[in-house]
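Coordinate analysis (summary)
What follows is each chain in one-letter form.
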Amino acid sequence: MLSNLRQSLCLKLHPVAVWKGNALPPEVVETGSTGGCLIPALEKAAKGTPTVFSQETVGCPGGRQGLGLTRQAMEGMDRFLSTGTETRPGMGYKKDPAMAACYLKTLSASQPARYVAFYPLDQLPEGLTPTAVIFLVNAHQLSALATLANYDQADGRGVELRFGAGCAQAVLYSLCHAEAGEDVCTIGLTDPSARIHLEQGELLSFSVPYRRCLTMEAQAAESFLVKGVWRQIQKELCSSPAAPLL
């Protein structure tokens, strides 16, 4: 699956399928218990280890919303994102609580589900269709995906980069676009609080609604990815000493 993109991008990490549902897939054990950041689980899935989350196993309220498990309000988040309180330091990501509150009101909301899973795309159980696909990529690979996402878009607006928590950038925004039938891709993992959890610190995420991902795969072989400029970059990517995981 996605053989054209894998070959063209010299992917060394698995594309990660994001699946949502209200019943566990057959023979799947719920393994996503966490009270912390979800980004390590995303990186592990890209290295070949799937994880299934539920509303009960994700302890972080922001993580539950970032995965599209709930739409619950996050009390005190306006101060946490900004100036903090006397007992809890703020992150300084927004200038003041009022500005943070305005942002939180605009935060996209995905249709809640009982379970959300990260699967290496080739390990997705038969019969399941992902909602989105997340690529963890370096700068060269990101440039290719961002360019291909605009290959058949007249207005050049096929890619966005929005402020948000790492899980919102990598997961939530793409789920919302997919559920709305929008072919918008999202660059993510620019959140410093998420980046400190990455083992491979050079990575960024590029998240794609699954339908759009299939279109990009089909168009890869007729695009710039088979031409001279990209071939020069591809030669550098494919000569990397790190062994591909795919």
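Below you will find a few notes about this structure. What you see is a predicted model; the values in this text were computed from it and never measured.

**Details of helix α7 (residues 166-179)**
With 14 residues, α7 should cover 20 Å at 1.5 Å per step; its first-to-last C-alpha distance of 20 Å lies within 8% of that length. At Leu-172, α7 is deflected by roughly 35 degrees, the largest bend along its length. For α7, the tally of buried residues reaches 12 of 14 residues, placing the bulk of the element in the interior. Taken as a whole, α7 has its buried residues at Gly-166, Cys-167, Ala-168, Gln-169, Ala-170, Val-171, Leu-172, Tyr-173, Ser-174, Leu-175, Cys-176 and His-177. The first or second residue beyond α7 is Gly-181, which carries a positive phi of 75 degrees.

**A look at the state of the cysteines**
As used in these notes, a disulfide is a covalent bond between sulfur atoms, one from each of two cysteines. Throughout the structure, instances matching the rule amount to one disulfide. Between the sulfur atoms of Cys-10 and its disulfide partner Cys-238 the distance amounts to 1.6 Å. Here Cys-10 is found in the loop between α1 (3-9) and β1 (16-21), whereas its partner Cys-238 is found in helix α10 (residues 228-238), with 228 residues between them in sequence. Cys-10 sits in the buried class, given a relative accessible area of 8%. Residue classification places Cys-238 among the partly exposed positions, given a relative accessible area of 45%. Looking at the unpaired Cys-37, the closest cysteine sulfur is the one in Cys-167, lying at 6.8 Å. The exposure class of Cys-37 is partly exposed, given its relative accessible area of 32%. Not engaged in a disulfide, the cysteine Cys-185 finds its nearest cysteine sulfur in Cys-213; these two sulfurs lie 8.2 Å apart.

**Brief notes about the pattern of salt bridges**
If you walk through the whole model with that rule in mind, you get eight salt bridges. Arg-6 is the partner of Asp-122 in a salt bridge, and the nearest nitrogen-oxygen pair spans 2.8 Å. Linking Asp-122 in the loop between β3 (115-120) and β4 (132-137) with Arg-6 in helix α1, this pair joins segments that are 116 residues apart in sequence. Judged by relative accessible area, which is 17%, Arg-6 ranks as buried. In this structure, Glu-199 and Lys-47 form a salt bridge, with 2.9 Å as the shortest nitrogen-oxygen distance. Of the two residues, Glu-199 is situated in the loop between α8 (192-195) and β7 (204-209) and Lys-47 in the loop between α2 (39-46) and β2 (51-54); the sequence distance between them amounts to 152 residues. With a relative accessible area of 65%, Glu-199 lands in the exposed category. Look at the salt bridges and you will find they share partners, linking Glu-43, Lys-47 and Glu-199 into a network.

**Concerning the packing of aromatic side chains**
Both the distance between ring centres and the angle between the ring planes are used here to describe each pair of aromatic rings. Under the criterion given, the structure shown has three aromatic pairs. Relative to Phe-118, the ring of Phe-53 lies with its centre 5.5 Å away and its plane at 75 degrees, an arrangement referred to as edge-to-face. With Phe-53 in strand β2 and Phe-118 in strand β3, the pair connects residues that are 65 residues apart, well separated along the chain. By the burial criterion, Phe-53 is buried, and Phe-118 matches it.

**Overview of the pairing of β2**
Residues Thr-51 and Phe-53 point to one face of β2 and Val-52 and Ser-54 to the other, with burial holding for every one of them. Taken together, the four bridges between β2 and β3 define a ladder with antiparallel strand orientation. What sits directly across from Phe-53, in β3, is Val-116.

Calculation rules
- Residues numbered from 1 in each chain as written.
- Predicted model: local features only at pLDDT ≥ 70, side-chain atom pairs only at ≥ 80, totals over all residues.
- Heavy atoms only, no water.
- Helix = DSSP H or I, 4+ residues; strand = E, 2+ residues; numbered from the N terminus.
- Expected span 1.5 Å × (residues − 1).
- Bend = angle between axes of the 7 residues up to and from the residue.
- Buried < 20%, exposed > 50% of the residue type's maximum accessible area, 1.4 Å probe, protein only.
- Disulfide = S-S within 2.5 Å.
- Salt bridge = Lys/Arg side-chain N within 4 Å of Asp/Glu carboxyl O.
- Phe/Tyr/Trp six-rings, centres within 6.5 Å; stacked < 30°, edge-to-face > 60°.
- Pairing = 2+ DSSP bridges.

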